[in-house]
Every structure is written in C-alpha cells, then in structure tokens.
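# Tertiary structure, described
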Amino acid sequence: MIKKTLALAAIATVAVAGSADARDQIRIVGSSTVYPFATTVAEQFGKTTDFKTPVIESTGSGGGLKLFCAGVGIEHPDVTNASRAIKSSEIETCKKNGVTNITEVKIGYDGIVVANSKAGPRMELTLDQLFLALAKQVPQGGKLVDNPYANWNEIDSSLPNAKIEVLGPPPTSGTRDAFVELAMEGGCKKVEGAKDLGLEKKACHAIREDGAFVEAGENDVLIVRKLEANPNAFGIFGYSFLDQNLDKVQGTLVTGVEPTFENIASGDYPISRSLYFYVKGAHAGTIPGIKEYLAEFTSEKAWGPEGYLADKGLVPMPDAEREQYRADAANLTTNVE
Amino acid sequence: MSDTAGTGTVKTGLPRKNINEVVSAGIRRRYAAERRFRAYGLAAIGFAIFALTTLLVTIVGTGYSAFTQTMLELEITLYPQDIDPEGNRDPKVLSTANYQALVRQSLRDLFPEVTTRQERRRLNGLVSDGATFQVRRAVLDDPSIIGQRISILVPMSDDIDQFMKGHISAEVPESDRRVSDQEIAWLERLQDRNLVHRTFNWTFFTSGDSREPELAGIWGALVGSLLTMSVTLALAFPLAVATAIYLEEFAPKNRWTDLIEVNINNLAAVPSIVFGLLGLAVFLNFFGLPRSAPLVGGMVLALMTLPTIIIAARASIKAVPPWIREAALGLGASRMQVVFQHTLPLAMPGILTGTIIGMAQALGETAPLLMIGMIAFIVDIPQGVTDPATVLPVQVFLWSDAPERAFVERTSAAIMVLLSFLIVMNAFAIYLRKRFERRW
C-alpha cells in the first residue's frame, strides 16, 4: 500500500509540473477534410526543422472553431482548419474571448463527387436532377409534395431505370454542409416553380429521409467499399477518395463536367469548395515554430501545382491567390474581422 | 396426495403394459429434450466460432501483407561537396544538406534515358520521401561515410508497394490505376537487376504515425497505450480495492451504504463518452491539465474502470468463506490483520481477474478520449505521461479513415497488434488466477 501511495503522489507531482510547463509544440484542431493535408505539412515540418511535430486533432470545422475561439493562452489551440469560411457569429465569440488577431489562409479547393462502382453505368446528372433525386420535398403540380421519385428514370427518361440509392455524409460533416449548399441549393434554383413555393436558400437543404438517401457516417473509405459491393448505389464524398480509388469507382459527370483535378482547379466542376485554416496571431510570439509552419504550408513545394499536397488530392489555387495568402500568412495580417 | 384424476386412474389399475409405455415415453421425451438442449448449445458455440473465425480471417487476410514492405536497393554516392562543402563535419551543416538531391541523382543514374521534367517527377515518386531522411540519418550517425558510395535499402512509395503486393491490378486501364505503365516498366527493369526486395516491415513497429503509409508505424500508439494504462492501473486498482474492502468488511449496512452501492452499480453502466465529457470539464477546464496527455486519458479511463474493479473485488471478497475470518478472529487477530493477512490474499485472484477485464475494456476505448484531445495526429513518440499521445484503438480509427489504399492493410495490422495485446493481458489474468487460486 505504501508503494502505491508513493506512486499516486508521484503522479500528482508530475501532473502539477506538466501543467506548469510552457508549450513548445504547435496545436492544431479542426476539419476532418483539411486533416490529411495539414498532417502532411506538419510531418514535413517536423522532419525538416528542429521544431517538434505539431499535434493535429480532427474535430470538425465547427468544433475546431469553437476551441480556437475559446481564448488566448497555451491551453488553447494555435491554428484551426476549416472546410468552410469562419461565420460572423464565430468571429463574435472569438472577439468576446479576446481572440482578435486572426489570419485567414485559404489553402486550395476540394471537389465533392457523386460516384458509383465501375460495375454500374456512368451517369451524367444536372444539378436540378440531383436536387429532385435527394430533396425531402419537391414541387409537383403547383404544390410541395414529399419526394415521390423512387427510380432515376422517373426524374428524366434519359436516366437509367434503377432505384435511387445514395450514400452520403451525416449532417455533422463539413462535406454535407458544402454539398447541400452547392448542389442542393444550386439545383433548387433551376427547378421550375420551386422559388414560388418557398424553396430557396436554406429551405432547399433538407434531404429526404425515406431510405433513398443513407447516412453512411463520416468515414469516406467505408462509402467506397459499400459502392464496390453494391453497383446500383451512389456515394457522395471528397475528391481525394475518388482519386485514390479510380480503379474501383467512377465519378458522375455533373452538368456535363467530369470531376477531375483540372476541372476542379479551373472551377468548371460545379460542386467544389474552398479549404482554409485560421491562425491566432497572439500565439505567434509565444509558441515556437508557428511562423515556420506557415512558411512550410504556403511554400510552393507544399501547396503549389506540383507540390506534395497536390499529390494528396488538394486542388491548388491560381498563382495570384496563392501569392496573396502567402503574404498574409508571412505578415500574420488580420484579415478576418 | 390428494385424490386428483391422475392418481385416480392409477388406483383403478391400468394394465401394466400401459404404465410401462407411459413411463418410457416420458423418459424418451426427457432424453429428447436433453439432446435438443445440447444441440442448441453446440449450435450457439458453432455460431460464435464461425463469427470469430470470419472476423479473424478477414483481419489477418487483409492485414498480414502490412508486415512486409517493398524496398529498393539504391547505390548513393555521398559527394562531400554536396553534403559538407567546408569539410569541417559541422552537425548543423550535415543535418541541413540536400539529401533529396542525392537520392534523386542515384535514381537518375539507374535510368539515364529519363530526361523530361514530367518523367523525372514520376521516377522520383518510385521511392518514398523517407529515403531522404534515411540517408540523412546514416550520415549523421557516421559522418566518416561521406565521400563513399553506399548501398542502402530504402522503402518504395505506397502505390508501388501496393502494386507489388497485388492490391493494385495491372489489368485495369492505365488511366484508372495509380501506377502507370511506365512505372511498371521501370519496376520490371529494377527487378531484373535484382534491386527490389521485400523485407520485414520494421518501420511499422518502430515509428510513430505518418501520412505516408510506408513510413507509418504503431510504436507511438503502443507507447501511448502503455502510458495511459499505467496511469489507469495506478489510480483505479488501489482505489477500487480499498473501496471494496471498506464496503465489504467495515462499512455498516445502512441506507447510506446502500445508496453508495446502487451508485457504483449505476456507474458501471454509464456510457464511456460521459466520462470523456467529465474529463474535459474537470481535468482540462478546471484543473488545467494538458490536452491529449496520457495522464488525463488514464485518469478518465480509471474513472470508467473503477466500478468494474470494485464490483469484481467485492464479489471475490464475499466469496472468501466466513470461517477463515472467524478462525483468524478467534486466534486473536485484529480486523485489519484479518483483512490484509487472510481475506485479501484469498480474494486476490478474483480481484486481479476483474482488474484485467476492466483494463482490457479501457484499452479498447476511444469515445472518452475524443473529448480530451487524444484522437489526434501525433508523430513524435511520447516520452512521458504529459506528452501528447494517442492510443492503439484511436490509431486504428484514424487509419481506417485515411484515403490512401495502403492504409487498409495497415489498419488490419494495427487491429492484429491490438488483439495480441489483449490476448497477452488476458493470458496474464488466467496465469495469475491459476497461480494464486486456492480450493477448499
């Protein structure tokens, strides 16, 4: 018993000593979509400099910004990744907690693809067809009705006679947020009579819950595996997963554009979003390595068109935009207010 | 016996043959019922074995190939003018030299006909980024090799590795494959020269997490798990045993102890994520302990394991026959002496089994760790309980979500390591029980 008491005492001492230490390691939180890119940069940074490798938590964009805006001090993260821009409500929270010097760095684009197994037919969809296939309520005969479409060819006779079966991310996911904003809202605008029935903006975001759309969890690898097993099903996930599995799944052409690296970079592919990270300027002086980490992230060998992030599936920004955000990152310009 | 209809018929005297038939039919029914029951039992066990085998076969089937790695034997000339132009072997100069250029040069020497930029990029992609760091480490470890031509085994990139293991098929059209026809042609020429080897994947067991599958390892997560479990054990075991002893041997039986007992039993059924939220609110936000640290992870898991161990410990203390206590008291032992010299040693095997079951449960837990920041990308191997760390099940979770194909087999391999860890712990529990078990 005495030994154990001593062990307990030792642990308590370590605990106190540990919390009193200053942090010498960058802490990053945020989006699971940016996670693969941020971790790649962090690893390179850790290997090529004398600084410790930053610790990166995958908390989701919203969760990351909440932690980020909680305050200034070593117990709060230095950087947060986001697969959407910071909201004004979040900026308010930040301000209230004394986090004022925030630098936004856009890192590139990510396409959201609708894909199916190579065993199935290659589809070509327009945004309004996607909306009609997935919306909770659609306009029909002058009023809103619960989505009546069970097969693709009921929407348009040119589509195959197959059951509508789509696997996608749950509402907590940033991919879902971007999908409903870009695809559902975009499709909604093109459906005749939808606006008169009140279907615009947020109202278009509702996705059907009658079994045709299956929430498959945050794990995109799992969706790819399920598509392999079921040639009739379609899946919604990030471009990097399509890129890695092109021998198993194929991307659906949306408004006639194939989801390829080039088409997403040029902006031709309609369902693509920007990825960001946010830096707490107040930490740059106290936590070692923040400026160097930013320099690594914004270097041409990382986020350039031939950089290592492009190999991981990040679609780079045009030269001028890269130049602008690189300057912002280097000077820690407060560009979010 | 009352005179019911049944006894009445016997009294009236049925023919003897009939009684025999009734009795033997009853016996047959009883035997049939027994056989059926045995069949149900066998079927249940059969189903369990089938499910377990399927699980193990799937995991081992996808995971075993992660234990090997495709390596390329590279001849690299360490030109002194590139690495150390001053010639004074200053470690700072040595560590920042451009080793990548040396690796690339040696690849170019193998295929001198490759000249276009696009092709060179692809050629460089054959070997892992880790090659650069491997050469750097070799030079830093022994600067005397500068100027020599060394032969070094470097990992090939994950796509090439997957192709060599047959996970990427050459049959599918080139545009849909992550390994191009040209890369396959290069690979064949390297194989002809006997430069491609498949070796045991030591990296997997010695390094921390990485975004490059060929450089990723579980050592970081394993160390994290060990640290977390040590904290859990050091906190949960003494507390739980003390609680159990007090409640069983000393506490009066009244409403208060009943209330405590009900609460302990309830705690055992609380979902683990709740303990994570508690850890976040109390240990991180109130006490200001560091995020992602095994110390906090261990404390949260200790809270989760406490009720399990208390319940097991109380049960095994209760199972010690009362005459042991009575005999000791009768010989003049104090209650303290009875507990620590007689009851506790006899109850120990049961307590240890309960402890290890609780620990095994804690070892596989991820949900509470999410809240305290242990689900994170951590490359450096943790050196102590306050360093950021992750644990084995979290590593499985993180890899299962990675887009790269090569992480699929590594996920299964990590599961195999986790399962082995559990088997070792359970085997230890059985050994302890057999060792200390006493029968009377």
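Residues numbered from 1 in each chain as written. Chains lettered and ligands numbered in written order. Predicted model: local features only at pLDDT ≥ 70, side-chain atom pairs only at ≥ 80, totals over all residues. Heavy atoms only, no water.

Bringing the overall build of chain A into the picture now. For chain A, the count of helices and strands is 13 helices and 13 strands. C-alpha extents for chain A along the principal axes are approximately 75 × 60 × 40 Å. Within chain A, buried positions represent 55% of all 337 residues. Once local pairs closer than 6 in sequence are excluded, the contacts in chain A between residues at least 24 apart make up 73%. Element-wise, carbon and sulfur atoms account for 53% of the exposed surface of chain A, whose accessible area totals about 13,900 Å². Charge centroids of chain A, computed over 34 positive and 44 negative side chains, lie 6 Å from each other. (Helix = DSSP H or I, 4+ residues; strand = E, 2+ residues; numbered from the N terminus. Buried < 20%, exposed > 50% of the residue type's maximum accessible area, 1.4 Å probe, protein only. Contact = heavy atoms within 4.5 Å. Areas by Shrake-Rupley, 256 points an atom, 1.4 Å probe, with all protein chains shown as cover. Lys, Arg positive; Asp, Glu negative; His and termini not counted. Charge placed at Lys NZ, Arg CZ, Asp CG, Glu CD.)

Quick look at the domain arrangement of chain B now. One can read the domain layout of chain B as domain 1 (19-63), domain 2 (67-215) and domain 3 (219-436). Centre-to-centre, using C-alpha coordinates, domain 1 of chain B lies 56 Å away from domain 2 of chain B. (Domains from an automatic or database assignment.)

Time to look at the domain arrangement of chain A. Residue and element names in this part refer to chain A. Examined at the domain level, chain A breaks down into domain 1 (24-109 + 274-331) and domain 2 (111-272). The C-alpha-based centres of domain 1 and domain 2 are spaced at 30 Å. With ten residues of domain 1 at the contact, the number on the domain 2 side is ten residues. The contact between domain 1 and domain 2 buries some 770 Å² in all, and 59% of this surface belongs to carbon and sulfur atoms. Interface area lost by domain 1 to domain 2 is led by Tyr109, Gly313 and Val315, which between them contribute 46%. At the boundary of domain 1 and domain 2, one finds zero salt bridges. (Buried area = accessible area lost by both parts, 1.4 Å probe. Salt bridge = Lys/Arg side-chain N within 4 Å of Asp/Glu carboxyl O.)

Bringing the packing of helix α5 (residues 127-134) of chain A against helix α6 (residues 174-190) of chain A into the picture now. Residues and elements named next belong to chain A. Interhelical geometry of α5 versus α6 gives an angle of 105° and a closest axis separation of 7 Å. Between α5 and α6, the angle is such that the two are roughly perpendicular. Judged by residue contacts, Leu127, Asp128, Leu130, Phe131 and Leu134 of α5 engage Phe179, Leu182, Ala183, Met184, Gly186, Gly187, Cys188 and Lys190 from α6. Here the contact of α5 with α6 is composed, by residue class, of nine nonpolar, two polar and two charged. (Axes fitted to C-alpha atoms, helices over the stretch in contact; angles between N-to-C directions. Parallel < 35°, antiparallel > 145°, perpendicular 65-115°, else oblique. Nonpolar A, V, L, I, M, F, W, Y, C, P; charged D, E, K, R; others polar.)

Let's shift gears to the environment of Met348(B). Along the chain, Met348(B) turns up in helix α16 (residues 335-363). Separated by 85 residues in the primary sequence, Met348(B) and Arg433(B) place their C-alpha atoms 8.4 Å from one another.

Take the interface of chain A and chain B next. At the junction of the two partners, chain A supplies 42 residues and chain B supplies 41 residues. Both sides together, the interface formed by chain A and chain B hides about 3,900 Å², and carbon and sulfur atoms give 52% of it. Between Arg178(B) and Asp243(A) there is a salt bridge whose closest N-O contact spans 3.5 Å. The interface formed by chain A and chain B holds 18 residue pairs in polar contact (both at pLDDT 80 or more) in total. (Polar contact = N/O pair within 3.5 Å; in protein donor to acceptor, adjacent residues only side chain to side chain.)

Summed over the entire model, instances satisfying the criterion amount to 16 aromatic pairs over all chains. Judged by centre distance (5.7 Å) and plane angle (85°), the ring pair of Phe45(A) and Tyr293(A) falls under edge-to-face. Of the two residues, Phe45(A) is situated in helix α2 (residues 35-48) and Tyr293(A) in helix α10 (residues 290-297); the sequence distance between them amounts to 248 residues. Judged on exposure class, the residue Phe45(A) and its partner Tyr293(A) are both buried. Put simply, the rings of Phe67(B), Phe200(B), Trp202(B), Phe204(B), Phe205(B), Trp399(B) and Phe407(B) touch in pairs and so form one group of aromatic residues. Between Lys280(A) and the ring centre of Phe68(A), over which it is positioned, the NZ or CZ distance is 4.9 Å. (Phe/Tyr/Trp six-rings, centres within 6.5 Å; stacked < 30°, edge-to-face > 60°. Lys NZ or Arg CZ within 6 Å of the ring centre and 35° of its normal.)

Residues and elements named next belong to chain B. Phi at Arg89 is positive, roughly 55°, even though this residue is not glycine. Examined against the element boundaries, Arg89 turns out to sit in the loop between α3 (80-83) and α4 (91-96). Positive phi outside glycine occurs at Asn194, with the angle close to 60°. Take Asn194: it is sitting in the loop between α9 (181-192) and β3 (196-200).

Two cysteines whose sulfur atoms are joined by a covalent bond form what is called a disulfide. Residues and elements named next belong to chain A. Using the criterion set out here, one finds two disulfides over all chains in the structure. A disulfide bridge connects Cys69 with Cys94, and the sulfur atoms are separated by 2.0 Å. Note on the Cys69 and Cys94 pair: the S-S dihedral is about -75°, so by sign convention the disulfide is left-handed. Remark: Cys94 occurs in helix α4 (residues 88-96) and Cys69 occurs in the loop between α3 (61-68) and β3 (79-82); sequence separation between them is 25 residues. Cys69 sits in the buried class, given a relative accessible area of 2%. (Disulfide = S-S within 2.5 Å.)

This part is about the nonpolar core. Formed by 158 residues in total, the largest nonpolar core has its most connected members in Trp152(A), Phe179(A), Phe237(A) and Tyr293(A). Ranked by residues supplied to this core, first place goes to helix α11 (residues 219-250) of chain B with 14 residues. Excluding anything up to four places from it in sequence, Phe179(A) contacts Ile112(A), Val114(A), Leu130(A), Leu134(A), Met184(A), Ile236(A) and Ile271(A). Grouped together as the second largest cluster of nonpolar side chains are 36 residues, Phe111(B), Ile146(B), Leu195(B) and Val196(B) included. (Core = buried A, V, L, I, M, F, W, Y, C linked by side-chain atoms within 4.5 Å.)

So, about the pairing of β3(A). Residue and element names in this part refer to chain A. Here β3 shows two buried faces, one formed by Val79 and Asn81 and the other by Thr80 and Ala82. The sheet contact formed by strand β1 (residues 27-30) and β3 spans three bridges and is parallel. In the sheet register, Val29 faces β3, and the bridge partner there is Thr80. Relative to strand β13 (residues 272-280), β3 runs antiparallel, the two sharing four bridges. The residue of β13 that forms the bridge with Ala82 is Tyr276. (Pairing = 2+ DSSP bridges.)

Here we take up the confidence of the model for chain A. Do not read the fine detail of predicted coordinates wherever pLDDT is low. All names here are of chain A. Looking at chain A, pLDDT values average 86 and 93% of them are 70 or higher. For chain A, the element scoring lowest by mean pLDDT is helix α1 (residues 2-20), at 50; β3 scores highest, at 94. Considering only residues more than four positions removed or in separate chains, one finds that residues 13-20, a stretch of pLDDT under 50, has eight contacts. (pLDDT = per-residue confidence, 0-100.)

Right, let's talk about the pattern of salt bridges for a bit. The full count for this structure, using the stated rule, is 39 salt bridges over all chains. Notably, a salt bridge pairs Glu212(B) with Lys312(A), separated by 3.7 Å at the nearest N-O pair. Here Glu212(B) is found in the loop between α10 (202-206) and α11, whereas its partner Lys312(A) is found in the loop between α12 (308-311) and α13 (319-331) on a different chain. Here Glu409(B) ties to Lys165(B) by a salt bridge, and the two come within 2.9 Å at their closest N and O atoms. A residue pair is termed long-range when its members are at least 10 positions apart, and Glu409(B) in helix α19 (residues 406-436) and Lys165(B) in the loop between α8 (158-164) and α9 qualify at 244 residues. Relative accessible area serves as the criterion here: at 2%, Glu409(B) is assigned to the buried category. By relative accessible area, Lys165(B) is classed as buried at 13%. Each of Glu300(A), Asp319(A), Arg322(A), Glu323(A) and Arg326(A) takes part in salt bridges that share partners, so that together they form one network.

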